[in-house]
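Next come the chains, spelled out residue by residue.
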Amino acid sequence: MKLLTYQSSKGIRLGVVTARGVLDVAAAAAATGIDCPASPDDLYAQGSAALPGLAALLAAADDPALYREESDLTYGPAVPNPGKILCVGLNYQKHAAESGMAAPEEPVLFSKFNNTIAAPNEDIPLQADWETVDYESELGVVMGATVRNVSVEDALDAVFGYCNMNDLSERDFQMRSGQWLLGKTLDKFLPLGPYVVTADEVPDPQNMSIKGWLNGELRQSSNTADMIFSVAEVIAYASRIMTLEPGDVISSGTPEGVILGMDPRVWLKPGDEYIVEVEGLGKLANRMVKA
Ligand code: ZN
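Nothing here was measured: the structure is a model prediction, and the numbers come from that model. (Residues numbered from 1 in each chain as written. Predicted model: local features only at pLDDT ≥ 70, side-chain atom pairs only at ≥ 80, totals over all residues. Heavy atoms only, no water.)

(A) Up close: the domain arrangement of the protein. The domain boundaries assigned to the protein delineate domain 1 (2–72) and domain 2 (85–290). A straight line from the C-alpha centre of domain 1 to that of domain 2 covers 27 Å. The interface is formed by 12 residues belonging to domain 1 together with 11 residues belonging to domain 2. Among the residues domain 1 hides against domain 2, the three largest losses belong to Lys2, Leu3 and Tyr44. Together they make up 56% of the total. Connecting domain 1 to domain 2 are 0 salt bridges. Scanning the region where domain 1 abuts domain 2 turns up 4 residue pairs in polar contact (both at pLDDT 80 or more). Among the elements of the structure, strand E1 (2–8) and helix H2 (40–46) are those that each provide at least two residues to the side of domain 1 that touches domain 2. It is H2 that provides the largest number of residues to the side of domain 1 that touches domain 2, a total of 4 residues. Taken together, the residues of the side of domain 1 that touches domain 2 break down into 7 nonpolar, 3 polar and 2 charged. (Domains from an automatic or database assignment. Contact = heavy atoms within 4.5 Å. Buried area = accessible area lost by both parts, 1.4 Å probe. Salt bridge = Lys/Arg side-chain N within 4 Å of Asp/Glu carboxyl O. Polar contact = N/O pair within 3.5 Å; in protein donor to acceptor, adjacent residues only side chain to side chain. Helix = DSSP H or I, 4+ residues; strand = E, 2+ residues; numbered from the N terminus. Nonpolar A, V, L, I, M, F, W, Y, C, P; charged D, E, K, R; others polar.)

Structural data, given as structure tokens:
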């Protein structure tokens, strides 16, 4: 199942992408009487437990009036209000090398906050004193179940789905102290979407091409097979520290090709557009603008 969110006069709504168009979940639930999440927040609070209801809704929703043209919609963030946002640093072999850092022996976890969430096609305002802004194409993981101390073998069973993410970063702020937090938590520095593709449609998260384009020029081109710690290993590792819950998201690291690894470094500036495409997850485009 391919889910999205979109803007409406009644707030951000949940949609399912089908061959007939985007099903308006709230309207279809009202029309059919099938119990389904009323909103994106409701969905990601329930996680994978909501999927059977959504499948029943798709089978029952016959009225063409319940479907919208995707091209008419203004996307919302694929996950509008994550409970937690975990990120993995230096998780691709070649990216660790280009960053001049040793490949880590344990996952390097850091966090972002909900102020960083942005929608596909949403402008990213850059303040004039943010002079070293960089992109990071990433595979985003959306949790669908509550887990604590989960094994690597069972970890992927707790995944709801996957989405594109751009872990935008301000490198001077990131390196200013021992903590990366400042450089990772600027407003709208985590666009995600346009879709969350459910885990049953992603056969192997460690075999997906991952690409990124700056103003149409291919800058990142790798495969999630190059990850140092697999998605399952990251989930298992994090769950030894904290309870992971439905609606938590994990940005699983970026491959090589970021500006940080270039010489000379020409940082992102207003007018630049970056597109992230992880195989099968659609394209996530965002333009930088002057704040
Ligand atoms: Zn990152």
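(B) Representation of the sheet that holds strand E19 (residues 284–290) within the structure. Reading across the sheet, the 5 strands line up as E8-E19-E18-E15-E16 and stay open at both edges, with mixed pairing between neighbours. At either margin of the open sheet sits one strand with a lone partner, and together these are strand E8 (124–126) and strand E16 (217–223). Recorded for the sheet is a direction-independent mean angle of 20 degrees between the axes of neighbouring strands. Where strand E15 (residues 209–214) meets E16, 6 bridges bridge the pair, whose relative direction is antiparallel. Paired with Trp213 across the two strands is Leu218, which belongs to E16. (Pairing = 2+ DSSP bridges. Axes fitted to C-alpha atoms, helices over the stretch in contact; angles between N-to-C directions.)

(C) Geometry of the pattern of salt bridges. Summed over all chains, the structure comprises 12 salt bridges. The closest approach of N and O atoms between Lys84 and Glu245, which form a salt bridge, is 3.5 Å. A residue pair is termed long-range when its members are at least 10 positions apart, and Lys84 in the loop between strand E4 (67–68) and strand E5 (85–89) and Glu245 in the loop between helix H8 (231–239) and strand E17 (249–251) qualify at 161 residues. Asp134 is the salt-bridge partner of Arg171, the closest N and O atoms lying 2.9 Å from each other. Pair noted here: Arg171 is in helix H6 (residues 171–175) and Asp134 is in strand E9 (residues 133–134), with a separation of 37 residues, a long-range link. Asp134 shares its class with Arg171; the two are buried. Taken together, the salt bridges that share partners define one network made up of Lys112, Asp134, Glu136, Asp167, Arg171 and Lys184. (Buried < 20%, exposed > 50% of the residue type's maximum accessible area, 1.4 Å probe, protein only.)

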